[in-house]
Amino acid sequence: MTKMDKPVAFSRRSVLMGTGALVVSVGAPITLDTVMSVQSALAQGAKPPLTPDQLSSYIAVGADGKVSAYFGKMDMGHGLHVAIAQIVADELDVPFKAVTVYMGDTATSVNQGGASGSTGIQFGGKQMRMAAAEARRVLVEMAAEKFRLPPGDLTVSNGAVHTLVMAGVMPKSVTYAELIGGKYFNVQLDWNKQYGNPLYAPGKAKPKDHKEHKIVGKPIKREDVAPKVFCKEDYCTDIKVPGMVHGRMIRPAVAGAVPVKVDEGSIKGIPSAKVVWKDGFLGVVADKEWDAIRAAEMLKVEWSQTNPPFPSQGALYDHIRKASVRKRQVEKQNGNVDEAFKTAARVIEAEYEWPFQSHACMGPACALVEIKGDKVTCWSGTQKSHFVQEGVAALLQLPVENVHVKWTVGPGSYGRSDADDAAMDAAYMAKVIGKPVRVQYMRYEGTGWDPKGPASVHTARAAIDAQGNVTAYEFNSKGFSRVDVNTNGSKPFDTLAGQALNVALKSGDGFGVPAESYEFASKRTSWETIAPLLDRSSPLRSAHLRDPVGPQIHFASESFIDEVAAALNLDPIEFRLRHVKDPRDQAVIKAAAEKFGWDSRPSPKKRQSGTKVSGRGIAYAQRNGTKVAVIAEVEVDRSSGKIFAKRFTVAHDCGQIINPDGLEKCIEGNIVQGISRTLWEEVKFDNKNVTSVDWMSYPILDITETPEKIDFVLINHPELPPTGAGEPSIRPVAAAIANAIFDATGVRIRRVPFSPDRVKQAFS
């Protein structure tokens, strides 16, 4: 323990043992005995509560001068922690490597919304910037008091406060460690009383002007890649605790069926195997994982007689077209759209279709839950640990503060994956069994039963006058809701466990419209949602998948813009620039064209012969303030129907760029996943259940199909706040590929995925 010659100032949030070092808070004095009792409590798993209005909830300086940044979001593969460390280091004037970012642990960070909506830097980084700036202000004031000088006579560098060089005055300096090392800030912030993504709690300090940034904007590489590649880092699947048992869930062959009779004797030959059954919730546990797998396969279950709930897959889009609209919303409207179509000299119309898609993470979800008395610890690869904390607490009927969720790297995510479901399944089993339970889904569950990106149908039409001008544009999306189950597991009714245990349901409605700045004299964009095919415990429940409904909407809208340009015999970029009015949108389109070497001409390309033909296509979109243009070059094999997305050029404007290296890697990931979703990914199902349950029945892009080249134009606006980059560049990919296929072949394909069979069918 740190030596103390007199009572030290503490607050009731005075001790944190996250690094094994005593960290105390500047506040009202308490006795050393109280400190020891707090330490003792922490050693038993307790800790003073975190509150969003306290600077110490975000920033701490250790006795060694190293800075801890407690971040209520997490990195799902983009290296977000690097950018956050850059922001904090710049505001505090410490070296980049002096900052460690602790992410998504409910015991050390407040709820900043987890990973969602590309808000890691846009909102999360904004808050961490404000907290670091406030910490610097407080440290400078502490030094000013120590030196008996006004703060304006001091400067900061490399984690130390210095007096300005003045004639006749001996220079002095003091390090952050000497000022506060091992103690917590006891500083109130002006919290906006919101949790999640909107949380904002500034202090009195004003952050630095971008011209003062020395670390922000540098291409700093991640150091966590090698440990992941060489198995030096634990994933969620690697976590073990004493006394742990292994759990497996048992799902019905006919979706919607529930167990009516379970023969527990059918697994009596498997050591330690036990059944966990209540209502529609059915699982098994065993001391050994292989025994749990065997028990799940061998358990004899009689299921309720249930009518198969799904249409045939071939009837999916007709079902969407004919289904009653549960909610309709007109998002944007100007002019008199209906009158413009009545008086049009020509009307161009088209319809586009997008399938259900799975998260198809590299590995199925895993979670471990341990319950000791009324205290719960959960290890999960969730995107939103604070919301899983709420969900587990609700399911187990415990106070939220009794549940500790430790975010642990999982196999993938980008949306409302099955990680939250695994956590809830493990929590319920642990409560029933009275032991720590590790639930590991099987591959068929990970692909078959995860929440799906919604299937949809999109219609578009344009009114053309006698002079060839577009006088009206209308776009409508109709599909399953992107929030049939919500974006996180904070409510049991949004999880398989809660639904199986018969909680009351609350399906949500939401879709979206194209995000762009096209201006037409009359314009209307709208969306409609329909009821889920099965309201409870459905393998086709729809939810967020990376860039929720963005790829499908913009596949349709940007394909249609291309169709109108072709109908008017105009170059696709020339047509876009006639109608795109936002200057930054225009800039990304022009930048992509210049980098690609775009030759101005209408599509399709003329005079192509032979089996293999090539083409190029462009698509552009906005997302939450970020602007992206993507140009794809494809090769099409007419005989096999195989599409090779050969080359991409991406122009990207997300305001201030924090880490250009991380941004490029993020865009690369978006492009590759976007190609996969465009060319291959489609959930298959029959009238009983999902049938695409492995990599053969749900193929994804393989390494031989990745692009030869991805070029970047990163447009930096350091004078602007940073906006999200995690998802925008996936949004235009499908349309860019579709437009390139049309340019190469003159054939327009309006249904994703562009599998070889579908491409050949389009050519026939």
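In the block above lies the structure referred to throughout.
From a predicted model like this one, the values you see are computed outputs, not experimental measurements.

(A) Spotlight on the sheet that holds strand 5 (residues 154-157). Strand order in the open sheet made by the three strands is 5-6-7, with antiparallel pairing throughout. Each end of this open sheet is capped by a strand with a single partner; those strands are strand 5 and strand 7 (173-175). Here the strands of the sheet are splayed against their neighbours by 20° on average, with no regard to which way each runs. Pairing analysis gives three bridges linking strand 6 (residues 160-163) to strand 7, with the strands arranged antiparallel. Within strand 7, the residue paired with His-162 across the bridge is Ser-173.

(B) Structural view of the environment of Ile-293. Within the secondary structure, Ile-293 sits in helix 6 (residues 289-298). Separated by 148 residues in the primary sequence, Ile-293 and Tyr-441 have C-alpha atoms spaced 9.9 Å apart. Excluding residues that lie within four positions of it along the chain, Ile-293 makes contacts with Arg-248 and Met-442.

(C) How the structure looks around the packing of helix 2 (residues 80-92) against helix 3 (residues 120-147). The interhelical angle for the contact between helix 2 and helix 3, taken along N-to-C directions, is 30°, at an axis separation of 8 Å. In terms of orientation, helix 2 and helix 3 fall into the roughly parallel class. Remark: the crossing between helix 2 and helix 3 carries right-handed chirality. From helix 2, Leu-80, Ala-83, Ile-84, Ile-87, Val-88, Glu-91 and Leu-92 reach across to helix 3, where they touch Gly-120, Ile-121, Gly-125, Met-128, Arg-129, Ala-132, Ala-133, Ala-135, Arg-136 and Leu-139.

(D) Region of the structure containing the sheet that holds strand 20 (residues 456-464). Taken in spatial order, the five strands make up an open sheet running 14-22-21-20-15, and their pairing is mixed. The outermost strands of the open sheet, each flanked by one partner alone, are strand 14 (327-334) and strand 15 (346-354). Strand after strand, the sheet turns through a mean of 10° between neighbouring axes, direction not considered. Sheet topology places strand 20 next to strand 21 (residues 470-480); nine bridges connect them, and they run antiparallel.

(E) Looking closely at the pairing of strand 25 (residues 643-653). Extensive coverage of strand 25 is indicated by the burial of eight of its eleven residues. As paired elements, strand 24 (residues 626-637) and strand 25 share ten bridges and run antiparallel to each other. Each bridged residue has a counterpart across the sheet, and for Ala-632 the counterpart in strand 25 is Phe-648. Between strand 24 and strand 25, which follow one another and run antiparallel, lie five residues, and Gly-641 among them has a positive phi close to 80°. Sheet topology places strand 25 next to strand 26 (residues 709-714); six bridges connect them, and they run parallel. Paired with Ala-651 across the strands is Val-713, a residue of strand 26.

Rules of the game
- Residues numbered from 1 in each chain as written.
- Predicted model: local features only at pLDDT ≥ 70, side-chain atom pairs only at ≥ 80, totals over all residues.
- Heavy atoms only, no water.
- Pairing = 2+ DSSP bridges.
- Helix = DSSP H or I, 4+ residues; strand = E, 2+ residues; numbered from the N terminus.
- Axes fitted to C-alpha atoms, helices over the stretch in contact; angles between N-to-C directions.
- Contact = heavy atoms within 4.5 Å.
- Parallel < 35°, antiparallel > 145°, perpendicular 65-115°, else oblique.
- Left-handed = near helix turned anticlockwise from the far one by under 90°.
- Buried < 20%, exposed > 50% of the residue type's maximum accessible area, 1.4 Å probe, protein only.

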